[in-house]
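# Structural overview
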Amino acid sequence: MRLCAALTAVTLLASCTTTYAIPKPQLARLDGFKDDNAALLRELGDVMLNRPNDRRRTVLDVEGRAHHFTSDTPLALARVSAQADAEFQRFIEVGVDADRFRGVPLEGSSSGAAAPALVVPLTEVDHARLREFSLGKTLLLTGTIGAVVLGSLVAVSMLFEPTTGSDDDRGVIDLGPQPQVLRGPRF
């Protein structure tokens, strides 16, 4: 049963996201991105004062589809040398110029200390990869797994013949002989 649960969890985690290739020139659109996890009042203040909000950017993938980049969006830089491929990270600040990509990872920023920035020369970057969560795929996969498990249980239950009790049972469970009271000296 644990194996079945582990396989289900791995399947759900693997298919809930889709990875898109982002061309290197599109990284320039992320320049100046910053999300310092501001309080709600600061966000309301930005809206009320009509200040631009830098907490979301839009990039295009290789097929021309638009994707929103926020501090919750995992991003990885695919390097020219495949052996030095970077892992997916979430960034709270991104700066891109003609020479380098500089991103401050989200991990470590909640402790109050600034997380070390990831600095990669653009000459080493082939393209970027962006990972998005897909609610539709998650619901479809979860529903399919649930239907298969339920169908399996129904099919297995049909293989067994129903059992019937004897005529004098009347729905009572027999727990064995009744306890006897021992007679003896009282204190």
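Predicted model, so just to flag it, every value in this text is computed and none were measured.

With that settled, consider the sheet that holds strand E7 (residues 100-105). The strand order E2-E6-E7-E8 describes an open sheet built from 4 strands, whose pairing is antiparallel. Of all strands in the sheet, those bounded by a partner on one side alone are strand E2 (33-34) and strand E8 (118-121). Here strand E6 (residues 91-96) runs beside E7; their pairing, made up of 5 bridges, is antiparallel. For Glu 93, the partnering residue across the bridge sits in E7 and is Val 104.

Let us now look at the UniProt feature "transmembrane region" (unreviewed entry) in the protein chain. In the numbering used here, UniProt assigns the "transmembrane region" (unreviewed entry) feature to residues 139-160. For residues 139-160, the helix share is 95%, the strand share is 0%, and the end-to-end C-alpha distance is 32 Å.

If you look at the biggest cluster of nonpolar residues, it comprises 17 residues, and the most contacted ones within it are Leu 27, Leu 30, Phe 69, Leu 75, Leu 77, Val 94 and Phe 101. Elements that contribute at least two residues to this core include exactly strand E5 (75-79), E6 and strand E9 (125-133). In this view, Phe 101 contacts Leu 75, Leu 77, Phe 91, Val 94, Gly 95, Val 96, Leu 118, Val 119, Val 120 and Leu 122; residues no more than four positions away in its chain are not counted.

This part is about the sheet that holds strand E1 (residues 17-23). Strand order in the open sheet formed by 3 strands is E1-E9-E5, and the pairing between neighbours is antiparallel. Of all the strands in the sheet, the pair left with one neighbour each is E1 and E5. Shown here is a sheet whose adjacent strand axes are inclined to one another by a mean of 30°, direction ignored.

With that settled, the discussion passes to the pattern of salt bridges. In this structure the tally under the stated criterion is 4 salt bridges. Close ionic contact of Glu 124 with Arg 79 constitutes a salt bridge, the shortest N to O distance being 3.4 Å. Taken together, the residues Glu 124 in the loop between E8 and E9 and Arg 79 in strand E5 connect sequence positions 45 residues apart. Overlapping salt bridges, with partners in common, bring together Asp 61, Glu 63 and Arg 65 in one network.

Thresholds, definitions, all that
Residues numbered from 1 in each chain as written. Predicted model: local features only at pLDDT ≥ 70, side-chain atom pairs only at ≥ 80, totals over all residues. Heavy atoms only, no water. Pairing = 2+ DSSP bridges. Helix = DSSP H or I, 4+ residues; strand = E, 2+ residues; numbered from the N terminus. UniProt positions renumbered as here; feature names shortened; annotations may be inferred. Core = buried A, V, L, I, M, F, W, Y, C linked by side-chain atoms within 4.5 Å. Buried < 20%, exposed > 50% of the residue type's maximum accessible area, 1.4 Å probe, protein only. Contact = heavy atoms within 4.5 Å. Axes fitted to C-alpha atoms, helices over the stretch in contact; angles between N-to-C directions. Salt bridge = Lys/Arg side-chain N within 4 Å of Asp/Glu carboxyl O.

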